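# Structural characterization, general
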Amino acid sequence: MAEVPINGAVLEWARNLRGFSIESAAQKLGVSVDELRAYETGRRKPLIGFLRKVAAKYRVSFASLLMPEPLPAVERPTDHRTRPQANPLSVDTLVAIEEVGDALETFKDIADEYPHLVPRLRIGTATLHENPEAVAIRERRRFGISVEDQRQWRNLRAARVQWRKLIEAHGVFTYMMPMPSNELSGFSLLREEVAAICVNDNEISEGAKIFTLFHEYCHLLLRQSGISDENDNNRVEKFCNEFAASFLIPKTALAESVAGFEVPYEFSDSDIRRLATRFRVSNRAIALRLEKTGFAPHGFYRRRTAPWDAPSDRKEPDAKPNTKISQIRIRLKKIGRLHARTVLGAVDRRAINSFDASQLIGLKSSSFGKLRASLG
């Protein structure tokens, strides 16, 4: 098998792209550190089989390893997590950020030539100097959804689906991708006026996913990209937490719901479950909101954040057991309806070709007809 005359610096770029040390990469590839270093410095040329193994282990395209020069460093969102250095981003997360970022770059390029094909971002703005409750009231008016509308949704999954549709109606692309649950809740990306939210599909519950949608929405109001674990130790994360809780559980409506209690009150688990069901949110969102509004005493949220085994806070399946889920439905959940519609519209106007569209959607072009039917 012939050696491949590649630029060793591209191999090093691919390794750094995935955050691997040379020691860990060598172990994954089954070679010594000295051998991998020889490939990266150009002292040795790899065989094609080794390059295919690199592409698979690094989760990069084989073609990218044949580039004459490394690409510029990838601009990643600000990491707002509590201890990012002690908990580095996994390959799953890095690939998700890359996938969403590439989609936004493509949409931005399309918008430059065909501005009507890419939805305009129609959300407000906020600063950290504002009261997050006031920002939430302002944005809630923009959505035009009453608390009674919210209560009519059948369950947490239905609420997540409806909120996602409403966010996309405001020009925000939304994605749901599986990433390590102990690593992050989600991330937001902003490319000029093209914006996206990605929720970790491994979040513990549908209620947690709803909260993350609006936590990341707040990052976009601040006109920031961010990687979040929704901690309260970071000023930005704390602001976004308070916004999300205020948006999903308006104070006036919550006050009506606890009118029979002498506040501040040490609400029981059953009280929290009842309120969570009423507002179609997670138990944790209600606990946070009760303390922040003063309806519960100081420290209440921290005392209540041990895992709860409650029906309203369990992860709800997308379908009944043994029900086969179509590939189109799986892809739509991952990429969102706005992404799919935008890509199909770009194909129709020949802004992109069917091959590029297939790569962006993750389905063969022969499936586009069924995809259009699913979109309605």
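Residues numbered from 1 in each chain as written. Predicted model: local features only at pLDDT ≥ 70, side-chain atom pairs only at ≥ 80, totals over all residues. Heavy atoms only, no water.

Moving on: the state of the cysteines. Scanning all chains against the criterion turns up 0 disulfides. Looking at Cys198, it has no disulfide partner, and the nearest cysteine sulfur is the one in Cys240, 16 Å off. No disulfide involves Cys218; its sulfur sits 3.7 Å from that of Cys240, the nearest cysteine. Cys218 gets classed as buried once you look at its relative accessible area, which sits at 0%. (Disulfide = S-S within 2.5 Å. Buried < 20%, exposed > 50% of the residue type's maximum accessible area, 1.4 Å probe, protein only.)

Now for the sheet that holds strand β5 (residues 226-228). The mixed open sheet is built from 5 strands, whose spatial order is β1-β5-β3-β4-β2. If you trace the sheet from one side to the other, it starts and ends with β1 (78-79) and β2 (172-177), each paired once. Taken together, the 3 bridges between strand β3 (residues 186-191) and β5 define a ladder with antiparallel strand orientation. Paired with Ser188 across the strands is Gly226, a residue of β5. Helix α5 (residues 91-113) rests against β2, β3, β4 (194-200) and β5 of the sheet, and its axis sits at about 25° to β3. Set on the sheet, helix α9 (residues 206-221) makes contact with β2, β3, β4 and β5; between it and β4 the angle comes to about 150°. (Pairing = 2+ DSSP bridges. Helix = DSSP H or I, 4+ residues; strand = E, 2+ residues; numbered from the N terminus. Contact = heavy atoms within 4.5 Å. Axes fitted to C-alpha atoms, helices over the stretch in contact; angles between N-to-C directions.)

Within the structure shown, the criterion is met by 19 salt bridges. Across the salt bridge formed by Glu133 and Arg289, the nearest N and O atoms sit 2.6 Å from each other. Taken together, the positions of Glu133 in helix α6 (residues 132-143) and Arg289 in helix α13 (residues 283-292) put the pair 156 residues apart, joining distant regions of the chain. In this structure, the salt-bridge partner of Arg151 is Glu148, at a minimum N-O distance of 3.8 Å. Linking Arg151 with Glu148, this pair stays in helix α7 (residues 147-152), spanning 3 residues, or about one helical turn. Overall, Arg151 belongs to the buried group, its relative accessible area being 17%. Among the residues examined, Glu148 registers a relative accessible area of 42% and is labelled partly exposed. (Salt bridge = Lys/Arg side-chain N within 4 Å of Asp/Glu carboxyl O.)

Next up on the list: the nonpolar core. Counting 56 residues, the largest nonpolar core has Trp163, Phe214 and Leu290 as its most contacted members. Once residues lying within four places of it in the same chain are set aside, the contact partners of Phe214 are Phe143, Trp163, Ile167, Phe243, Ala244, Phe247 and Leu248. Among the nonpolar cores identified, the runner-up in size contains 39 residues, and Ala96, Val118, Leu184 and Ala357 belong to it. (Core = buried A, V, L, I, M, F, W, Y, C linked by side-chain atoms within 4.5 Å.)

What follows concerns the packing of aromatic side chains. Across all of its chains, the model carries 18 aromatic pairs by this definition. Ring geometry for Phe214 versus Phe247: centroids 4.3 Å apart, planes at 20°, classification stacked. Note that Phe214 is positioned in helix α9 and Phe247 in helix α10 (residues 235-248), a separation of 33 residues in sequence. For the pair formed by Phe214 and Phe247, the shared burial category is buried. Here the aromatic cluster, defined as three or more aromatic residues joined through ring pairs, consists of Phe143, Trp153, Trp163, Phe214, Tyr217, Phe243 and Phe247. Sitting over the ring of Phe62, Arg52 keeps its end group 4.6 Å from the ring centre. The positively charged end of Arg140 is found above the aromatic ring belonging to Phe247, 5.5 Å away from the centroid. (Phe/Tyr/Trp six-rings, centres within 6.5 Å; stacked < 30°, edge-to-face > 60°. Lys NZ or Arg CZ within 6 Å of the ring centre and 35° of its normal.)

Moving on, we come to the environment of Ala73. Positionally, Ala73 belongs in the loop between α4 (48-58) and β1. In this structure, the C-alpha to C-alpha distance between Ala73 and Val4, residues 69 residues apart in sequence, is 24 Å.

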